[in-house]
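Now for the letters of each chain:
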Amino acid sequence: MNKLDLHSKIYRFDNDDNLYFVTIILVDGKPIADFSYYATSLTELNNTLKQNGKYFILTCWCGVPDCAGIEQGIQVTHYQDTVKWTINQPSPHRVFTFSENDYKAVITEGIKQIKEDLANLWFTHTGEYNDKLEIVPRWEDNQELIELLNIHR
Ligand SMILES: [Zn+2]
């Protein structure tokens, strides 16, 4: 059985002063991709709780999987008390198996924690709004994500 974890991480670059908020997916303690290039779609991840299918859990920072060379989503299969991920893109080909209970708990708790992390970052200690914070993948047009994270700004 593999172990799934979600973490949030802030990226900064020399050419702007934004704070880029990225969700990192770890399996057995290791990031499953280079998250300075790929991003995690929380809405797709959340959708995997419901049913089997192919999900663009990994996407480009801009939110378009194709843009990062991902044409094939991660195959998610619920079987007995497990959830299996088959990843073909980005390479290498990998198969992970999680316990269904852990899987649900990690994603549900992870999204809750991300909401808290965002709330803490969006407002400074003086209560001022931090307009340098950007959620990756690009979130402004993503109504599903806005609802999932319950964003008010
Ligand atoms: Zn892109």
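Look a little higher up for the structure.
Keep in mind it's a predicted model, so treat the numbers as computed, not measured.

### Side note on the coordination of the zinc ion
Note on the zinc ion: its protein donors are Cys60 (SG), Cys62 (SG) and Cys67 (SG). The metal-donor distances range over 2.1 to 2.3 Å. Expressed as a motif, the donor residue spacing for the zinc ion is C-x1-C-x4-C. Judged by relative accessible area, cysteine 67 falls into the partly exposed class, the value being 48%.

### Examining the packing of aromatic side chains
Applying the stated criterion across every chain, the model contains nine aromatic pairs. Geometrically, the ring pair formed by tyrosine 11 and tryptophan 61 is edge-to-face, given 5.7 Å between the ring centres and 70° between the ring planes. Here tyrosine 11 is found in strand 1 (residues 4-11), whereas its partner tryptophan 61 is found in the loop between strand 6 (58-60) and strand 7 (74-79), with 50 residues between them in sequence. Summarising the aromatic geometry, the rings of tyrosine 37 and tyrosine 38 are spaced 4.8 Å apart at their centres and angled 90° between planes, so their arrangement reads as edge-to-face. An aromatic cluster of three or more residues is present, and its members are Tyr11, Phe13, Tyr20 and Trp61.

### Let's talk about the nonpolar core
With 49 residues, the main nonpolar core has Leu4, Ile32, Phe35, Trp85, Tyr103 and Leu149 as its most contacted residues. Among the elements that take part in this core, strand 2 (residues 19-27) stands out by supplying eight residues, more than any other. If sequence neighbours within four positions are ignored, isoleucine 32 has contacts with Ile25, Val27, Leu58, Trp85, Ile87, Arg94 and Phe96.

### With respect to the layout of surface pockets
Estimated volume of the largest pocket: approximately 160 Å³. Taken together, Ser41, Thr43, Glu44, Phe56, Thr59, Cys62, Gly63, Pro65, Pro137, Arg138, Asp141 and Asn142 make up the lining of the largest pocket. In the lining of the largest pocket, the residues fall into four nonpolar, five polar and three charged.

### Considerations on empty space enclosed by the protein
A water-sized probe, rolled over the atoms, reveals where empty space remains. If you walk through the whole model with that rule in mind, you get one cavity of 30 Å³ or more. Each pocket or cavity is described by its volume, and for the largest cavity that value is around 40 Å³. Thr23, Thr40, Leu42, Ile135, Val136, Pro137 and Leu145 are the residues that line the largest cavity. Residues belonging to the lining of the largest cavity are distributed by class as follows: five nonpolar, two polar and no charged.

### Points about the environment of asparagine 142
Of note, asparagine 142 is situated in the loop between strand 10 (133-135) and helix 3 (143-148). Accessibility expressed as a relative area gives 25% for asparagine 142, which makes it partly exposed. Taking C-alpha positions, asparagine 142 is 9.2 Å from threonine 43, a pair spaced 99 residues apart along the chain.

The rules we used
- Residues numbered from 1 in each chain as written.
- Predicted model: local features only at pLDDT ≥ 70, side-chain atom pairs only at ≥ 80, totals over all residues.
- Heavy atoms only, no water.
- Donors = N, O, S within 2.8 Å, 3.2 Å for Na, K, Ca; no water.
- Buried < 20%, exposed > 50% of the residue type's maximum accessible area, 1.4 Å probe, protein only.
- Phe/Tyr/Trp six-rings, centres within 6.5 Å; stacked < 30°, edge-to-face > 60°.
- Helix = DSSP H or I, 4+ residues; strand = E, 2+ residues; numbered from the N terminus.
- Core = buried A, V, L, I, M, F, W, Y, C linked by side-chain atoms within 4.5 Å.
- Contact = heavy atoms within 4.5 Å.
- 1 Å grid on protein atoms, 1.4 Å probe; cavity = no way out; pocket = protein on both sides within 12 Å on 5 of 7 lines; lining within 4 Å.
- Points joined across faces, edges and corners; volume = space filled by probe spheres on them.
- Nonpolar A, V, L, I, M, F, W, Y, C, P; charged D, E, K, R; others polar.

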